[in-house]
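Below, each chain spelled out in residue letters.
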Amino acid sequence: MRGDLFAPERVMETLAEGATLLRGFALDRAEELIGAVEEVARAAPFRRMVTPGGFSMSVAMTNCGQAGWVTDRTGYRYDACDPESGRPWPVMPGVFDDLAARAARDAGYSDFHPESCLINRYEPGARMSLHQDRNERDFGQPIVSVSLGLAAVFLFGGLKRADRPQRISLYHGDVAVWGGSSRLRFHGIAPLADGVDPLLGRSRINLTFRDYS
């Protein structure tokens, strides 16, 4: 079944102070975004990274921009070069930069210009456990997260891991933006349900834009 079959109309939803969900914001550029993802992945293929604890992540990842987020047995960090090839990460596509800046502006963050984009590919059963985005030097800039493909359940928690998270359905084209007092909220993705999306098949792509410096 289609991943976004029951997606709501394009509206803006407040998730918490400083956190906004822009329903359908990326729909009109979805095919262009997917084409750009494919171009990035040709230069820096998706891979399942290993956590410092030695566990292989269920989500496949790649990056583009000035630096990429990576994890291995030595820890979590940003690196200007792809550790698998030793070459710089691909340049961020213009459509990425433009969409992220526009979404941030609509959510109330007018000065956001992404330096890095982490691209996650989910297949049925893949998940992202609750975590904070705290490897960046400046928490004054928001996170912009774009959903493409299969629908997912976004877990949006509080400032403590034990806080009970909201469970929010994300559909193809939705964009979540959080910053300010919500910047360090725990968040994650529940195990992805199976389905077939017209553009991405049995998968979901998430674009996470950050200013890491």
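Note that the structure is a prediction, hence the values are computed from the model and not measured. (Residues numbered from 1 in each chain as written. Predicted model: local features only at pLDDT ≥ 70, side-chain atom pairs only at ≥ 80, totals over all residues. Heavy atoms only, no water.)

### Brief notes about the nonpolar core
Which entries qualify depends on this criterion: The set of buried Ala, Val, Leu, Ile, Met, Phe, Trp, Tyr and Cys residues whose side-chain atoms join them within 4.5 Å is what this entry labels a nonpolar core. Note on exposure labels: buried denotes an accessible area under 20% of the residue type's maximum, exposed denotes more than 50%, and partly exposed covers the range between, all computed with a 1.4 Å probe on protein chains only. What counts as a helix is a DSSP run of H or I of at least four residues, what counts as a strand is a run of E of at least two, and both are numbered from the N terminus. Residue contacts are defined here by distance: any two heavy atoms, one from each residue, within 4.5 Å place the two residues in contact.
Counting 34 residues, the largest nonpolar core has Phe96, Ile119, Leu207 and Phe209 as the members making the most contacts within it. Elements with a minimum of two residues in this core: helix 1 (30-43), strand 3 (60-65), helix 2 (94-106), strand 6 (116-122), strand 8 (143-149), strand 11 (175-178) and strand 13 (204-210). Considering every element that reaches this core, the biggest residue donor is helix 1, with seven residues. The contact partners of Ile119, leaving out residues within four places of it in the chain, are Val37, Val40, Phe46, Ala60, Met61, Thr62, Cys64, Phe96, Ile205, Asn206 and Leu207. With 30 residues, the next largest nonpolar core counts Met49, Trp89, Leu118 and Leu150 among its residues.

### Brief notes about the sheet that holds strand 12 (residues 187-189)
Condition: Being paired, for any two strands, means DSSP has found at least two bridges between them. Between the N-to-C directions of two axes lies an angle of 0 to 180 degrees, each axis being a line fitted to C-alpha atoms and, for a helix, fitted only over the stretch in contact.
Pairing is antiparallel in the open sheet, where four strands are placed in the order 7-12-9-10. Unpaired on one side and paired on the other, strand 7 (128-131) and strand 10 (166-170) mark the two borders of the sheet. If you compare each strand with its neighbour and ignore which way they point, the axes differ by 20 degrees on average.

### Concerning the sheet that holds strand 2 (residues 19-22)
If you walk across this open sheet you meet the seven strands as 1-2-11-8-13-6-3, and the pairing is antiparallel. In this open sheet, the two edge strands, each paired with only one partner strand, are strand 1 (12-16) and strand 3. The sheet shows a mean angle of 20 degrees between the axes of neighbouring strands, direction not considered. Relative to strand 11, strand 2 runs antiparallel, the two being bridged by four bridges. Within the sheet, the bridge partner assigned to Thr20 lies in strand 11 and is Val177. Relative to strand 8, helix 1 is tilted by about 100 degrees, and along the sheet it contacts strand 3, strand 6, strand 8 and strand 13.

### Concerning the packing of aromatic side chains
Threshold: Ring pairs are drawn from Phe, Tyr and Trp, using the six-membered ring of Trp, whenever the two centres fall within 6.5 Å, and their geometry is named by plane angle: stacked under 30 degrees, edge-to-face over 60, tilted for the rest.
Enumeration over the complete set of coordinates arrives at six aromatic pairs. Measuring from centroid to centroid gives 5.7 Å for Phe154 and Trp178, while their planes differ by 40 degrees, and the two rings are tilted. In this pair, Phe154 sits in strand 9 (residues 152-156) while Trp178 sits in strand 11, placing the two residues 24 residues apart along the sequence. Seen from their ring centres, Phe156 and Trp178 are 5.8 Å apart, and the 65 degrees between their planes marks the pair as edge-to-face. Placement of the pair is Phe156 in strand 9 and Trp178 in strand 11, with a sequence separation of 22 residues.

### Concerning the side chain of Ser182
Basically, it comes down to this: The definition of a polar contact used here is a pair of N or O atoms within 3.5 Å, where within protein one atom must be able to donate a hydrogen and the other to accept one, and adjacent residues in sequence count solely through side-chain atom pairs.
On the secondary structure map, Ser182 appears in the loop between strand 11 and strand 12. A polar contact of 2.5 Å, which involves the side chain of Ser182, links it to the backbone oxygen of Glu17. In this structure, Ser182 is in contact with Ala16, Glu17, Gly18, Ala19 and Phe156, ignoring residues within four places of it in sequence.

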